[in-house]
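So the chains spell out like this:
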Amino acid sequence: MSAKIRGYVRAYAVILFASVLFGINFDWFFLPNQISLAGITGIGQILNHWFPALPIGVAVILLNIPLFFLGWRLLGGHMLVSSAVAMFLTSIMVDIVGALHTFQPMDPMLASIFGGVLLGVSIGLVLQQKATTGGTDLIARLLKVKFSWLPMGTLLMVVDLVVIVLVALVFQNLYSALYGLIALWISSVVIDKVLYGMDTSKVAYIISEHSAQIIPVIGDKLRRGVTILHGAGSYSGQPRDVLMCAFKQKQIVELKQTVRDIDPEAFLIVCDAHDVLGQGFHINDPHGV
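Chemist: Please provide a residue-by-residue account of the sheet that holds strand E2 (residues 227-232), values included.
Modeler: A sheet is described by the order of its strands in space; here 4 strands give the open sequence E2-E3-E1-E4, paired in antiparallel fashion. Two strands close off the open sheet at either side, each with one partner strand: E2 and strand E4 (267-273). Averaged over all pairs of adjacent strands, the angle between their axes in this sheet comes to 25 degrees, without regard to strand direction. As paired elements, E2 and strand E3 (residues 239-248) share 6 bridges and run antiparallel to each other. Paired with Ala232 across the bridge in E3 is Pro239.

Rendered as structure tokens:
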């Protein structure tokens, strides 16, 4: 079996696992506790409420058909095929799990927290395979083409807010929407953790009169390279070096202490960084999510 075929087999195996997890999660935490689920599945809840004979999973498949036609030209054939498989499996698993077992209601807060976590894991695993579960996942993926600098979890959260409001209006249940917002926020955070890793990378910008002393210490202690950016002070007009260094979240305390020990007057800015590629960091697909 070639490496390419093994890659496809692994990808679809992960999608199948994520789909089963999605179905269990929805039928266990969202449906019996009347918590609004965002996305096309949320609209499926509305249609199922109006037409009880229409299963939620079937409604989701029907609603996704026009979206897949929209995304075909923008995302390409392979991604749409894998997304169609993921959408079909997650939708069918919702109905299959619901037919096999009826879960009892629980405390809504617990349901929204754990439901949000499992929702984030399942969708994150699908997105990790360069696919979507359709619906707002697909809409967010289309928006990602235009707004590539925004994290997928953030895009999903913004798009899904609209659906949660609609579900709240239809069911006339404000608490259902509020619990849905909790689950949505948690899932967006978890999605980004699944996609970008638990150990978030950082970028530091250091302005110091002792740059020549700071550079070798960062290299020796943190094993990180430093890029020298040449700038100038806006007030004095004097040339000034700005040190840029990418590092791991766990190294932030050591980096700050290192700079302070050498130059207590140094100006230090630390920012979040996504998809850091290269030596010492994960080798990710730069064209991925």
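Chemist: Which residues make up the confidence of the model for the chain, and what values go with them?
Modeler: Put simply, the chain has an average pLDDT of 82, and 87% of its residues get 70 or more. Looking across the chain, the model is least confident in helix H6 (residues 135-146), with a mean pLDDT of 70, and most confident in helix H5 (residues 108-128), with 93. Low pLDDT, under 50, characterises residues 283-289; the stretch is placed with 14 contacts to residues that sit more than four places away or in other chains.

Chemist: Can you explain the environment of Leu127? Please cite residues and give values.
Modeler: Looking at where Leu127 falls in the secondary structure, it is placed in helix H5. When the C-alpha atoms of Leu127 and Ser83 are compared, they prove to be 9.0 Å apart, with 44 residues separating the residues in sequence.

Cut-offs used in this document
Residues numbered from 1 in each chain as written. Predicted model: local features only at pLDDT ≥ 70, side-chain atom pairs only at ≥ 80, totals over all residues. Heavy atoms only, no water. Pairing = 2+ DSSP bridges. Helix = DSSP H or I, 4+ residues; strand = E, 2+ residues; numbered from the N terminus. Axes fitted to C-alpha atoms, helices over the stretch in contact; angles between N-to-C directions. pLDDT = per-residue confidence, 0-100. Contact = heavy atoms within 4.5 Å.

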